[in-house]
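Residues per chain, in single letters:
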Amino acid sequence: MQKIALSSSLPQAPAPACPPRAVVVMGVSGSGKSTVGELLAQRQDWAFVEGDAFHSDENHAKMRAGVPLTDEDRASWLEALGLELARLAAGGVVLSCSALKRAYRQQLRAHVPGLVFIWLEVGRDAAHRRVAGRGDRHFFPATLIDSQFATLEPPHDEAGLLHLDSERSLEELLAHATEWLQRTPHAHP
Ligand SMILES: Nc1ncnc2c1ncn2[C@@H]1O[C@H](COP(=O)(O)OP(=O)(O)OP(=O)(O)O)[C@@H](O)[C@H]1O
Ligand SMILES: O=C(O)[C@H](O)[C@@H](O)[C@H](O)[C@H](O)CO
């Protein structure tokens, strides 16, 4: 049977015993970060934060009109998400956030020591199919998918990362994510 985890890297810092309590489920649009993030939060009995809910009206309007966001557009959004993560981390929190670039992930890490990421990797065709399949139920148009892939800096070499194949079943993804959280020590004291 094909393994579900493509790769995972444990944090390099000396590891205290407690597992992480703040997780970002990341990936391009259509990777399933909202679906998996919300289910993971339920399973862990943690808070769930939907990253899209923190976009400004201007950002929403831009994306709805088929215009990709810039670094500048994302800066204050990421700052708000970092603050929200820090506010909720003690009780446990899962955030769904594209976090496409390394600098974006660093901005989130700066708010929460020991923050870990679950990267849902999805193929371009599957992302298109999923996003197009949502139709008008969602503001994000499938025409923006290519720009998401162009912006993505895969987090291959980053510590505190679980890399999953998002085309596996939700049950498999959740089982793997919860098991990984249990055995992954905090990256920072
Ligand atoms: N593992 C999966 N298997 C099959 N379908 C999935 C899986 N994960 C998500 N989906 C479906 O794919 C679609 C996109 O999922 P979702 O909205 O969670 O993605 P997303 O990464 O949050 O996208 P966006 O960033 O655009 O909101 C949804 O219809 C969802 O039900
Ligand atoms: O960084 C970004 O470009 C955005 O966060 C997008 O990823 C969308 O918000 C999301 O994918 C739609 O749900």
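Look up: the structure comes first, before these words.
Residues numbered from 1 in each chain as written. Chains lettered and ligands numbered in written order. Predicted model: local features only at pLDDT ≥ 70, side-chain atom pairs only at ≥ 80, totals over all residues. Heavy atoms only, no water.

Enquirer: Report on the environment of Gly32, specifying residues and quantitative values.
Expert: Considering the arrangement of structural elements, one finds Gly32 in the loop between strand 2 (22–26) and helix 1 (33–44). A sequence separation of 98 residues divides Gly32 from Arg130, and the C-alpha atoms of the two residues are 8.8 Å apart. Residue contacts for Gly32: discarding those within four places in its chain leaves Gly37, Leu120 and Arg130. (Helix = DSSP H or I, 4+ residues; strand = E, 2+ residues; numbered from the N terminus. Contact = heavy atoms within 4.5 Å.)

Enquirer: I'd love a proper account of the site of ligand 1, names of residues and values included.
Expert: Near ligand 1 lie 16 residues; those nearest to it are Ser29, Lys33, Ser34, Thr35 and Arg134. Gly30 places a main-chain nitrogen or oxygen 3.1 Å from an oxygen atom of ligand 1. The contact in question runs from an oxygen atom of ligand 1 to an N or O atom on the backbone of Gly32, over 3.0 Å. Those elements giving two or more residues to the shell around ligand 1 turn out to be helix 1, helix 5 (124–134) and helix 7 (170–183). For the shell around ligand 1, the element with the most residues is helix 1, which contributes 3 residues. Tallied by class, the residues present in the shell around ligand 1 amount to 3 nonpolar, 8 polar and 5 charged. (Near = heavy atom within 4 Å. Polar contact = N/O pair within 3.5 Å; in protein donor to acceptor, adjacent residues only side chain to side chain. Nonpolar A, V, L, I, M, F, W, Y, C, P; charged D, E, K, R; others polar.)

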